[in-house]
Amino acid sequence: AQKVTQAQTEISVVEKEDVTLDCVYETRDTTYYLFWYKQPPSGELVFLIRRNSFDEQNEISGRYSWNFQKSTSSFNFTITASQVVDSAVYFCALIAERGGADGLTFGKGTHLIIQP
Amino acid sequence: NAGVTQTPKFQVLKTGQSMTLQCAQDMNHNSMYWYRQDPGMGLRLIYYSASEGTTDKGEVPNGYNVSRLNKREFSLRLESAAPSQTSVYFCASSEFLRGDSRGYTFGSGTRLTVV
């Protein structure tokens, strides 16, 4: 079975602060894929990034960066110089290569509040 | 714009009533999914369809049925709604398991309240 843990239920920071959202995963599969999705107050789910288990390079996209560490089964997400528009619920998710009934397994989400 | 379309966006049902949530995608994806989102629970898979003509249970299938009408459409039916089914429902489609590098594409959600 797969499991994704987002231990931070809610984080509140002041605008321009850096913030890191934690994600820890469990899977017995050797090939798997990790995702981050953003759910703004409007409710839709927005794809942010996908990372393969065989590619441990960190990724940066503007103010967003992701740190993937297989040794600690973590895939953390950092927002640099946060903005009010970053306020949303962020979900980390996992799928094994074999897919099937496990599908895309989500963490419970972290509600990020950026205060002006 | 290409994507996943869900209807209705909002619905209020009385306990015991039935209804069908509709989902259609125009990306020619083989795989489609129904998830429910509850506060503090993240998204949980109800049913999925790996390809036209096949459906399988996910993590929380009790109280639901699905139909993969054709490649584009995947509907979710509540035969006798219960208050525990009050939730936000998301449909998604994907070709990820067949090498598409994108993630899953989600519909905008259906907010269902059962009273």
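Scoring rules and cut-offs
Residues numbered from 1 in each chain as written. Chains lettered and ligands numbered in written order. Predicted model: local features only at pLDDT ≥ 70, side-chain atom pairs only at ≥ 80, totals over all residues. Heavy atoms only, no water. Buried < 20%, exposed > 50% of the residue type's maximum accessible area, 1.4 Å probe, protein only. Helix = DSSP H or I, 4+ residues; strand = E, 2+ residues; numbered from the N terminus. Pairing = 2+ DSSP bridges. Axes fitted to C-alpha atoms, helices over the stretch in contact; angles between N-to-C directions. Core = buried A, V, L, I, M, F, W, Y, C linked by side-chain atoms within 4.5 Å. Contact = heavy atoms within 4.5 Å. Disulfide = S-S within 2.5 Å. Salt bridge = Lys/Arg side-chain N within 4 Å of Asp/Glu carboxyl O. Phe/Tyr/Trp six-rings, centres within 6.5 Å; stacked < 30°, edge-to-face > 60°.

## Some remarks on the pairing of strand 9 (residues 74-79) of chain A
Residues and elements named next belong to chain A.
1) Next: Counting buried positions along strand 9 gives five out of six residues, so the element sits mostly inside the fold.
2) Next: Looking at chain direction, strand 8 (residues 64-69) and strand 9 are connected through six bridges and run antiparallel. Paired with Phe 68 across the bridge in strand 9 is Phe 75.
3) Next: Counting the residues between successive antiparallel strands, the hairpin from strand 8 to strand 9 contains four residues, one of them, Ser 73, with a positive phi of roughly 50°.

## Section: the sheet that holds strand 7 (residues 65-68) of chain B
Residues and elements named next belong to chain B.
1) Next: Read across the sheet, four strands follow the order 1-3-8-7 without closing on themselves; strand pairing throughout is antiparallel. On the outer flanks of this sheet lie strand 1 (4-7) and strand 7, each paired with one strand and no other. Here the strands of the sheet are splayed against their neighbours by 15° on average, with no regard to which way each runs.
2) Next: Two elements, strand 3 (residues 19-25) and strand 8 (residues 74-78), share three bridges in a ladder whose sense is antiparallel.

## Observations regarding the nonpolar core
1) Next: Counting residues in each nonpolar core, the largest one holds 23 residues, and the members touching the most others are Leu 21, Trp 36, Phe 75, Phe 77, Tyr 90 and Leu 112 of chain A.
2) Next: Breaking this core down by element, the ones donating at least two residues are strand 2 (10-14), strand 3 (19-21), strand 5 (32-39), strand 8, strand 9, strand 10 (88-96) and strand 12 (110-115) of chain A.
3) Next: Among residues more than four places away in sequence, those in contact with Phe 77 of chain A are Val 19, Thr 20, Leu 21, Trp 36, Leu 48, Tyr 64, Ser 65, Trp 66 and Tyr 90 of chain A.
4) Next: Grouped together as the second largest cluster of nonpolar side chains are 21 residues, Leu 13, Trp 34, Cys 91 and Val 114 of chain B included.

## Let's talk about the pairing of strand 2 of chain A
Residue and element names in this part refer to chain A.
1) Next: With burial as the criterion, only one face of strand 2 is covered, namely that bearing Ile 11 and Val 13; the residues Glu 10, Ser 12 and Val 14 on the opposite face remain uncovered.
2) Next: Inspection of the sheet shows strand 2 paired to strand 12 by five bridges, in the parallel sense. Its bridge partner lying in strand 12, Ile 11 is registered against Leu 112.

## A closer look at the environment of Gly 62 of chain A
1) Next: Inspection of the secondary structure puts Gly 62 of chain A in the loop between strand 7 (59-61) and strand 8.
2) Next: Overall, Gly 62 of chain A belongs to the exposed group, its relative accessible area being 71%.

## What to know about the side chain of Asn 52 of chain A
1) Next: Along the polypeptide, Asn 52 of chain A turns up in strand 6 (residues 46-52).
2) Next: The contacts of Asn 52 of chain A, once residues within four sequence positions are left out, are Tyr 32, Tyr 33 and Phe 68 of chain A.

## Examining the state of the cysteines
1) Next: Applying the stated criterion across every chain yields a total of two disulfides over all chains.
2) Next: Disulfide pairing is shown between Cys 23 of chain A and Cys 92 of chain A; the S-S distance is 2.0 Å. Disulfide Cys 23 of chain A-Cys 92 of chain A: torsion about the S-S bond near -65°, hence left-handed. In this pair, Cys 23 of chain A is assigned in the loop between strand 3 and strand 4 (24-26) and Cys 92 of chain A in strand 10, connecting sequence segments 69 residues apart.
3) Next: Take Cys 92 of chain A: its relative accessible area is 0%, and that puts it in the buried class.
4) Next: Paired through a disulfide, Cys 23 of chain B and Cys 91 of chain B show a sulfur-sulfur distance of 1.8 Å. Across the S-S bond linking Cys 23 of chain B and Cys 91 of chain B, the dihedral sits near -75°, which makes this disulfide left-handed. Remark: Cys 91 of chain B occurs in strand 9 (residues 87-94) and Cys 23 of chain B occurs in strand 3; sequence separation between them is 68 residues. Each member of the pair, Cys 23 of chain B together with Cys 91 of chain B, is buried.

## Description of the pattern of salt bridges
Close approach of charged atoms lets side chains of opposite charge pair.
Residue and element names in this part refer to chain A.
1) Next: One pass over the full model with this rule turns up six salt bridges over all chains.
2) Next: Of the charged contacts in the structure, one is a salt bridge between Arg 63 and Asp 86, with a shortest N-O distance of 2.8 Å. With Arg 63 in the loop between strand 7 and strand 8 and Asp 86 in the loop between strand 9 and strand 10, the pair connects residues that are 23 residues apart, well separated along the chain.
3) Next: Overall, Arg 63 belongs to the partly exposed group, its relative accessible area being 25%.

## What about the packing of aromatic side chains?
1) Next: A complete count under the given rule lists 23 aromatic pairs over all chains for this structure.
2) Next: Taking 6.1 Å as the distance between ring centres and 25° as the angle between the ring planes, the aromatic pair formed by Phe 35 of chain A and Tyr 37 of chain A counts as stacked. Just as Phe 35 of chain A is buried, Tyr 37 of chain A falls in that class too.
3) Next: For the ring pair Tyr 64 of chain A and Trp 66 of chain A, a centre distance of 6.0 Å and an interplane angle of 85° mean the geometry is edge-to-face. Here Tyr 64 of chain A matches Trp 66 of chain A in class, with each residue buried.
4) Next: The structure contains a cluster of three or more aromatic residues connected by ring pairs, namely Phe 35, Tyr 37, Phe 47, Phe 91 and Phe 106 of chain A together with Tyr 33, Tyr 35, Tyr 48, Phe 90, Tyr 104 and Phe 106 of chain B.

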